[in-house]
Amino acid sequence: MADIEKLVDQLSELTVLEAAELSKALEEKWGVSAAAAVAVAGPAAGGGDAAAAEEQTEFDVILTGDGGKKIQVIKEVRAITQMGLTDAKALVEGAPKPIKEGVAKAEAEEIKAKIEAAGGTVELK
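Residues numbered from 1 in each chain as written. Predicted model: local features only at pLDDT ≥ 70, side-chain atom pairs only at ≥ 80, totals over all residues. Heavy atoms only, no water.

A. The arrangement of the pattern of salt bridges in detail. What the rule picks out here adds up to five salt bridges. A salt bridge links Glu-93 to Lys-70, with the nearest nitrogen and oxygen atoms 3.0 Å apart. Here Lys-70 lies in helix H5 (residues 70-81) and Glu-93 lies in helix H6 (residues 85-93), a separation of 23 residues in the sequence. Here Glu-93 falls in the partly exposed class, since its relative accessible area comes to 44%. Exposure remark for Lys-70: the relative accessible area of 34% places this residue in the partly exposed category. Put simply, Lys-114 and Glu-110 hold a salt bridge, and the shortest N to O gap is 3.3 Å. Of this pair, Lys-114 and Glu-110 both sit in helix H7 (residues 105-118), four residues apart, which is roughly one turn of that helix. Its relative accessible area of 35% is what places Lys-114 among the partly exposed residues. Salt bridges linked by common partners bring Lys-70, Lys-89 and Glu-93 together as one network. (Salt bridge = Lys/Arg side-chain N within 4 Å of Asp/Glu carboxyl O. Helix = DSSP H or I, 4+ residues; strand = E, 2+ residues; numbered from the N terminus. Buried < 20%, exposed > 50% of the residue type's maximum accessible area, 1.4 Å probe, protein only.)

Written as C-alpha coordinates, this is what we have:
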(Lines give C-alpha, C1' and ligand atoms only; values in the text may rest on other atoms or scores of the structure.)
Protein backbone atom coordinates (compact mmCIF):
# COMPACT_ATOMS: atom_id res chain seq x y z
CA MET A 1 0.00 0.00 0.00
CA ALA A 2 2.89 2.38 0.61
CA ASP A 3 3.62 2.43 -3.13
CA ILE A 4 0.05 3.45 -3.91
CA GLU A 5 0.14 6.21 -1.32
CA LYS A 6 3.43 7.46 -2.77
CA LEU A 7 1.90 7.46 -6.26
CA VAL A 8 -1.15 9.36 -5.00
CA ASP A 9 1.15 11.97 -3.42
CA GLN A 10 3.10 12.34 -6.66
CA LEU A 11 -0.07 12.72 -8.73
CA SER A 12 -1.39 15.32 -6.28
CA GLU A 13 1.61 17.51 -7.05
CA LEU A 14 0.83 17.68 -10.78
CA THR A 15 -0.35 20.95 -12.26
CA VAL A 16 -3.61 21.01 -14.19
CA LEU A 17 -1.76 20.99 -17.51
CA GLU A 18 0.44 18.06 -16.44
CA ALA A 19 -2.63 16.12 -15.28
CA ALA A 20 -4.32 16.72 -18.65
CA GLU A 21 -1.21 15.49 -20.47
CA LEU A 22 -1.11 12.40 -18.25
CA SER A 23 -4.75 11.70 -18.97
CA LYS A 24 -4.20 11.92 -22.73
CA ALA A 25 -1.11 9.69 -22.54
CA LEU A 26 -2.98 7.03 -20.56
CA GLU A 27 -5.95 7.17 -22.94
CA GLU A 28 -3.62 6.56 -25.89
CA LYS A 29 -1.61 3.82 -24.13
CA TRP A 30 -4.60 1.88 -22.84
CA GLY A 31 -7.06 2.71 -25.63
CA VAL A 32 -9.73 4.04 -23.27
CA SER A 33 -11.53 7.31 -22.71
CA ALA A 34 -11.19 9.02 -19.31
CA ALA A 35 -14.61 10.64 -19.75
CA ALA A 36 -16.31 7.25 -19.87
CA ALA A 37 -14.40 6.01 -16.84
CA VAL A 38 -15.35 9.08 -14.82
CA ALA A 39 -19.01 8.72 -15.80
CA VAL A 40 -19.05 5.11 -14.60
CA ALA A 41 -16.92 5.63 -11.49
CA GLY A 42 -18.44 9.00 -10.52
CA PRO A 43 -21.48 7.86 -8.53
CA ALA A 44 -19.59 5.03 -6.81
CA ALA A 45 -16.78 7.34 -5.66
CA GLY A 46 -19.04 9.89 -3.95
CA GLY A 47 -17.30 11.07 -0.79
CA GLY A 48 -18.00 14.30 1.06
CA ASP A 49 -14.40 15.53 0.92
CA ALA A 50 -13.93 14.58 -2.73
CA ALA A 51 -17.13 16.32 -3.74
CA ALA A 52 -16.19 19.46 -1.83
CA ALA A 53 -12.75 19.56 -3.45
CA GLU A 54 -14.23 19.21 -6.93
CA GLU A 55 -16.79 21.95 -6.30
CA GLN A 56 -14.29 24.54 -5.08
CA THR A 57 -14.33 27.45 -7.52
CA GLU A 58 -12.40 30.09 -5.61
CA PHE A 59 -8.86 29.69 -4.37
CA ASP A 60 -6.45 31.61 -2.17
CA VAL A 61 -2.90 31.74 -3.51
CA ILE A 62 -0.54 31.58 -0.52
CA LEU A 63 3.17 32.38 -0.89
CA THR A 64 4.96 29.89 1.38
CA GLY A 65 8.56 30.85 0.64
CA ASP A 66 10.95 32.62 -1.72
CA GLY A 67 13.17 29.61 -2.40
CA GLY A 68 16.29 31.72 -1.90
CA LYS A 69 15.41 33.91 -4.88
CA LYS A 70 13.76 36.78 -3.05
CA ILE A 71 14.36 39.46 -5.69
CA GLN A 72 12.84 37.42 -8.53
CA VAL A 73 9.85 36.48 -6.38
CA ILE A 74 9.33 40.11 -5.32
CA LYS A 75 9.34 41.16 -9.00
CA GLU A 76 6.76 38.50 -9.85
CA VAL A 77 4.55 39.42 -6.86
CA ARG A 78 4.65 43.07 -7.97
CA ALA A 79 3.67 42.12 -11.52
CA ILE A 80 0.78 39.95 -10.33
CA THR A 81 -0.60 42.24 -7.62
CA GLN A 82 0.39 45.71 -8.86
CA MET A 83 1.86 46.36 -5.39
CA GLY A 84 4.60 48.83 -4.74
CA LEU A 85 8.12 47.62 -4.03
CA THR A 86 7.86 48.07 -0.24
CA ASP A 87 4.56 46.19 0.01
CA ALA A 88 5.71 43.34 -2.24
CA LYS A 89 8.96 43.01 -0.29
CA ALA A 90 7.05 42.88 3.00
CA LEU A 91 4.72 40.22 1.61
CA VAL A 92 7.60 38.01 0.41
CA GLU A 93 9.62 38.44 3.60
CA GLY A 94 6.56 37.73 5.74
CA ALA A 95 5.67 34.44 4.02
CA PRO A 96 3.48 32.51 4.38
CA LYS A 97 1.05 35.18 3.24
CA PRO A 98 -1.72 35.31 0.62
CA ILE A 99 -0.82 36.83 -2.73
CA LYS A 100 -4.40 36.84 -4.00
CA GLU A 101 -7.62 35.57 -2.45
CA GLY A 102 -10.84 34.30 -3.99
CA VAL A 103 -9.53 33.83 -7.53
CA ALA A 104 -10.67 31.31 -10.13
CA LYS A 105 -8.78 28.03 -10.41
CA ALA A 106 -7.24 28.91 -13.78
CA GLU A 107 -5.91 32.23 -12.47
CA ALA A 108 -4.65 30.57 -9.27
CA GLU A 109 -2.77 27.94 -11.29
CA GLU A 110 -1.30 30.66 -13.52
CA ILE A 111 -0.09 32.67 -10.50
CA LYS A 112 1.35 29.53 -8.92
CA ALA A 113 3.27 28.71 -12.12
CA LYS A 114 4.69 32.24 -12.35
CA ILE A 115 5.85 32.32 -8.73
CA GLU A 116 7.36 28.83 -8.96
CA ALA A 117 9.15 29.80 -12.17
CA ALA A 118 10.68 32.74 -10.27
CA GLY A 119 11.88 30.31 -7.58
CA GLY A 120 9.19 30.73 -4.92
CA THR A 121 6.84 28.20 -3.39
CA VAL A 122 3.07 28.56 -3.46
CA GLU A 123 0.12 26.74 -1.95
CA LEU A 124 -3.48 26.86 -3.20
CA LYS A 125 -6.26 26.69 -0.61
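Okay, back to it.
B. Here's a closer look at unusual backbone geometry. The amide bond that connects Ala-95 to the next residue, Pro-96, takes the cis arrangement and shows omega of 10 degrees. With respect to the helices, strands and loops of the structure, Pro-96 is situated in the loop between H6 and strand S2 (97-104). Residue Gln-82 is not a glycine yet carries a positive backbone phi of 65 degrees. On the secondary structure map, Gln-82 appears in the loop between H5 and H6.

C. Spotlight on the packing of H5 against H7. Running from N to C, H5 and H7 cross one another at 155 degrees; their axes reach a closest spacing of 8 Å. The angle between the axes of H5 and H7 places the two elements in the roughly antiparallel class. As for the relative orientation of H5 and H7, their crossing is right-handed in sense. Between H5, through Gln-72, Val-73, Glu-76, Val-77 and Ile-80, and H7, the contact on the second element is made entirely by Ile-111, Lys-114, Ile-115 and Ala-118. A class-by-class count of the residues in the contact of H5 with H7 yields six nonpolar, one polar and two charged. (Axes fitted to C-alpha atoms, helices over the stretch in contact; angles between N-to-C directions. Parallel < 35°, antiparallel > 145°, perpendicular 65-115°, else oblique. Left-handed = near helix turned anticlockwise from the far one by under 90°. Contact = heavy atoms within 4.5 Å. Nonpolar A, V, L, I, M, F, W, Y, C, P; charged D, E, K, R; others polar.)

D. Summary view of the sheet that holds strand S3 (residues 121-124). Strands sit in the order S2-S1-S3 across an open sheet of three strands; the sheet is antiparallel. Looking along the sheet, the strands with just one partner apiece sit at the ends: S2 and S3. Taken over all neighbouring pairs, the strand axes of this sheet differ in orientation by 25 degrees on average, direction set aside. Packed onto the sheet, H6 meets strand S1 (58-65) and S2 and runs at close to 100 degrees relative to S2. (Pairing = 2+ DSSP bridges.)

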